[in-house]
There are 2 protein chains.
Amino acid sequence: MNIAILGLGIVGGGVKDIIDKSPRLKEKLNVASIWVRKEKVDATQNKTNDYQSILDNDDIKVIVETLGGIHPAYEMIMDAFKAGKNVVTANKAVVAKYMEEFIYEAKQNNVSFRFEPSVAGGIPWIQNLKRVLRIDDVQSIGGILNGTSNFIIDAIVNQHVSFDEALKQAQDLGYAEADPTADIDGYDVENKLCISTDLAFNTLVKPGDAIKKVGIRNLLKEDVDFFLGRNMNIKLIGQARLYNQDKLAISIEPTLLPVDNTIATVNGNLNYVQLTGDTIGPLGFLGQGAGRKPTANALLQDVVDILESNPYYDIDGSHHLVIDNNNFSAEYILRTELDLSELQDVSNLEGKYWRLANQTIESAHMLYQEILQRDNKAIMFRQ
Amino acid sequence: MNIAILGLGIVGGGVKDIIDKSPRLKEKLNVASIWVRKEKVDATQNKTNDYQSILDNDDIKVIVETLGGIHPAYEMIMDAFKAGKNVVTANKAVVAKYMEEFIYEAKQNNVSFRFEPSVAGGIPWIQNLKRVLRIDDVQSIGGILNGTSNFIIDAIVNQHVSFDEALKQAQDLGYAEADPTADIDGYDVENKLCISTDLAFNTLVKPGDAIKKVGIRNLLKEDVDFFLGRNMNIKLIGQARLYNQDKLAISIEPTLLPVDNTIATVNGNLNYVQLTGDTIGPLGFLGQGAGRKPTANALLQDVVDILESNPYYDIDGSHHLVIDNNNFSAEYILRTELDLSELQDVSNLEGKYWRLANQTIESAHMLYQEILQRDNKAIMFRQ
């Protein structure tokens, strides 16, 4: 089967490398064309900037999109579907935003749309989630979905460095971008959580909807030390839970976990994702959530599934859910320079740390947003 | 699709229950016949003791074997293949022992043989392992494969009870049999490790081959407390590692892990299995390794795969591996009433606990077997 790769960066190059080095893949797959920027065109290596020529080539069955970002990835994926090509992608931003359009267009053209690496990288999370749904309904999903922020927290805990030093390490290692916003403000988790929620509950949730989100930008080493002193580890957890049949609680929060909790032990830039199903109960997956080889591996798993015509268990997004974070009581701890002693249901834990009792996700995040107006270094933790 | 269930005990009944309660399964699957003991026959409920009538029924495509044990499970599975039926089973003992015969006979008759729940129960371990092998070679597999022994250790740690009390709890909860030998002496892990090894390395390893095995029968609360005082938790770990292309190190041992190691935190009767692949790196799976619903769920996943004609990625066992536990140096700790101070490479750790240095798996187990001759309550831990 002939495939084309869009982009030959870290992930796209990884796809080509794995195929080149794997006898069992080379006998099945041929990289017929690679779409690159104009200045990188090289006909002797099948590198072209002429996308139309790829779309017009009937021998090419699968487009492997590794460009990242929204544009031109969105347009190139849509054009691929219209040209009758199957598409696989690792691009969580474009999938989270355009899930509905992609599903529709793929279906119209009777082709496959797969995006295993878009959530949790090398972990076969989407494949397993979809298989579970053949038998069970799923009540909740969630976990550690951003390896960069997990690496940063882990470096603060185990290398005793500051947040800034940990972030710099992550950037030096290529885990974090020069602009780390997507990782440390939770946008990357939000994309992955939207995609997972869509699949788990056959619905359509977009980033920016009513998802409550706190990142780790304001995390300090003193926070880590403070909670470690109480035998708690901090993890950035994204989670979604179905309740009352049609309501969804969905949030992304630095979360306090006992140090001997399994999720609290997931270190380095690993990811951990878990679901809870009717009969299967809890099912957790641990592995590399990013990186050249694991991401390329997951893309190739999707390609092989297309080659083998394995069913994908598509969603149609017809289960209309209301995001409502008002129904679950949760306990939060806030670190701020402000004096919160006058607030109802707030008690001082120690120094700058305040315990919020009797909160819902909604009310706690509302309070936190108010506090951020006056103390933009404040941070809130879910307990 | 019509299926027949052999046995209507805990797991067989669970299969029927899940189908009955699931609209999405009921529209696809029909339990056409249930094979039961003579005294349970009830024609009004499709319960028969006449296996030949099931084999002769061309409408029945899948035999779901839930009898357990070696006989008559072995004969009934072989007869099913010969009658052109697909077989799914949760029966690790019979699969570990007769893998070669079953694979051969299924192939001869062009039918599917699946056994997802035979290892790690509800965890989709076999499915994921086989998918990984589509792209990667796997270097090692292993983890917590016996929920009963994990429950016992966890109860000693967290409920501060004795081994005997923990075992009694496991029996009262239905986790352990009246004769707990298979669980606490490592035979159950051995079966699961053989099956996983066969699949991971395309080889054929049988229980009783040169696999080095220590169970938890001799574990005492004082052992648990002793190592907890050193921030170590004990887990019964089965593992297999390929080396030098054609050699296999394979062992089952109570293993000392730092309390903040992810595997050390797997509590209750959960299972955790991990593999390491060329490009995917480490990939871990956590879930319920036994129990009515998770096991029945995994059987039904196999049935649905047959219904959907999903590829199984069969093995032929042609990769001949030599089990050789002489090449890896490992450190062990032995607890015995004997004085080992005269032995080479043995030093006293504290009281009855002795540290063995410069060992291979083979030499440590040989020494332990010698010590057991004179102190049958001794126990050895891998560090």
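Residues numbered from 1 in each chain as written. Chains lettered and ligands numbered in written order. Predicted model: local features only at pLDDT ≥ 70, side-chain atom pairs only at ≥ 80, totals over all residues. Heavy atoms only, no water.

Taking an unreviewed UniProt entry as the reference, chain A is identified by name as Homoserine dehydrogenase belonging to Apilactobacillus waqarii. The record in UniProt for chain A states the following under Sequence similarities (unreviewed entry): "Belongs to the homoserine dehydrogenase family." Recorded in UniProt for chain A, the comment headed Catalytic activity (unreviewed entry) runs: "L-homoserine + NADP(+) = L-aspartate 4-semialdehyde + NADPH + H(+)". (UniProt positions renumbered as here; feature names shortened; annotations may be inferred.)

### Some thoughts on empty space enclosed by the protein
Scanning the entire structure with this criterion turns up five cavities of 30 Å³ or more. Reported here for the largest cavity is a volume of approximately 110 Å³. Surrounding the largest cavity, 13 residues form its lining, G122, P124, N297 and Q301 of chain A together with V132 of chain B being those nearest its centre. Within the residue set of the lining of the largest cavity, elements represented by two or more residues are α12 (292-307) of chain A together with α6 (125-132) of chain B. Looking at side-chain class alone, the lining of the largest cavity contains six nonpolar, five polar and two charged residues. The space that makes up the second largest cavity amounts to roughly 90 Å³. For the lining of the second largest cavity, the secondary-structure elements that each account for two or more residues are α6 (125-132) of chain A together with α6 of chain B. Along the lines of polarity and charge, the residues of the lining of the second largest cavity split into four nonpolar, four polar and four charged. (1 Å grid on protein atoms, 1.4 Å probe; cavity = no way out; pocket = protein on both sides within 12 Å on 5 of 7 lines; lining within 4 Å. Points joined across faces, edges and corners; volume = space filled by probe spheres on them. Helix = DSSP H or I, 4+ residues; strand = E, 2+ residues; numbered from the N terminus. Nonpolar A, V, L, I, M, F, W, Y, C, P; charged D, E, K, R; others polar.)

### Overview of a negative patch on the surface
Residue and element names in this part refer to chain A. Together, D50, D56, D58 and D59 line one region of the surface with negative charge. Locating D56 in the fold gives a position in helix α3 (residues 51-56). Classification of D56 as exposed rests on a relative accessible area of 51%. (Patch = residues over 30% accessible without salt bridge, like charges linked within 9 Å, V, L, I, M, F, W, Y side chains within 5 Å. Areas by Shrake-Rupley, 256 points an atom, 1.4 Å probe, with all protein chains shown as cover. Salt bridge = Lys/Arg side-chain N within 4 Å of Asp/Glu carboxyl O. Lys, Arg positive; Asp, Glu negative; His and termini not counted. Charge placed at Lys NZ, Arg CZ, Asp CG, Glu CD. Buried < 20%, exposed > 50% of the residue type's maximum accessible area, 1.4 Å probe, protein only.)

### Thoughts on the packing of α6 of chain B against helix α10 (residues 187-201) of chain B
All names here are of chain B. As a packed pair, α6 and α10 sit with axes 9 Å apart at the nearest point and diverge in direction by 20 degrees. Taken together, the axes of α6 and α10 are roughly parallel relative to one another. Here α6 runs over α10; the crossing is right-handed. Along the contact surface, α6 presents W125, I126, L129 and K130, while α10 presents I195, S196, L199 and A200. Among the residues forming the contact of α6 with α10, the class breakdown is six nonpolar, one polar and one charged. (Axes fitted to C-alpha atoms, helices over the stretch in contact; angles between N-to-C directions. Parallel < 35°, antiparallel > 145°, perpendicular 65-115°, else oblique. Left-handed = near helix turned anticlockwise from the far one by under 90°. Contact = heavy atoms within 4.5 Å.)

### Some remarks on the sheet that holds strand β5 (residues 86-89) of chain B
All names here are of chain B. Spatial strand order, β3-β2-β1-β4-β5-β6: six strands in an open sheet with parallel pairing. Edge positions in the sheet fall to β3 (47-48) and β6 (113-114), since each has one partner strand and no second. Pairing between strand β1 (residues 2-6) and strand β4 (residues 60-65): five bridges, direction parallel. From the neighbouring strand, A4 faces β4, where its bridge partner is I63. Across the sheet, helix α1 (residues 10-21) touches β1, β2 (30-35) and β4, and the angle it forms with β1 is around 150 degrees. (Pairing = 2+ DSSP bridges.)

### Considerations on the sheet that holds strand β1 (residues 2-6) of chain A
Sheet strands pair via backbone hydrogen bonds, and the direction of the pair is either parallel or antiparallel. Residues and elements named next belong to chain A. With parallel pairing, the six strands of this open sheet are ordered in space as β3-β2-β1-β4-β5-β6. Two strands in the sheet have a free side with no partner beyond their single neighbour: β3 (47-48) and β6 (113-114). Across the face of the sheet, helix α1 (residues 10-21) comes into contact with β1, β2 (30-35) and β4 (60-65) while running at roughly 150 degrees to β1.

### Some details on the packing of aromatic side chains
Each pair of aromatic rings is reported with the distance of its centres and the angle of its planes. Residue and element names in this part refer to chain A. Enumeration over the complete set of coordinates arrives at 29 aromatic pairs over all chains. Arranged with centres 5.3 Å apart and planes meeting at 70 degrees, the rings of F102 and F113 form a pair that is edge-to-face. With F102 in helix α5 (residues 92-108) and F113 in strand β6, this pair connects stretches of sequence that are eleven residues apart. Grouping residues by exposure puts F102 and F113 together as buried. Ring-pair connections join several aromatic residues into one group, and the members of that group are Y74, F81, Y98, F102, F113, F115 and Y312. (Phe/Tyr/Trp six-rings, centres within 6.5 Å; stacked < 30°, edge-to-face > 60°.)

### Concerning the interface of chain B and chain A
Taken together, the 44 residues of chain B in the interface contact 44 residues of chain A. Interface area for chain B against chain A, summed over the two sides, is near 3700 Å², with a carbon-plus-sulfur share of 48%. Sorting the residues of chain B by area buried against chain A places R24, R134 and I135 of chain B first, and these three jointly supply 19% of that buried surface. Between the two partners, chain B and chain A, sit eight salt bridges. With a closest N to O distance of 2.4 Å, R24 of chain B and D137 of chain A form a salt bridge. At the junction of chain B with chain A, the criterion picks out 25 residue pairs in polar contact (both at pLDDT 80 or more). Among the elements of the structure, α2 (23-26), α6, β11 (270-277), β12 (281-288) and α12 (292-307) of chain B are those that each provide at least two residues to the side of chain B that touches chain A. (Buried area = accessible area lost by both parts, 1.4 Å probe. Polar contact = N/O pair within 3.5 Å; in protein donor to acceptor, adjacent residues only side chain to side chain.)

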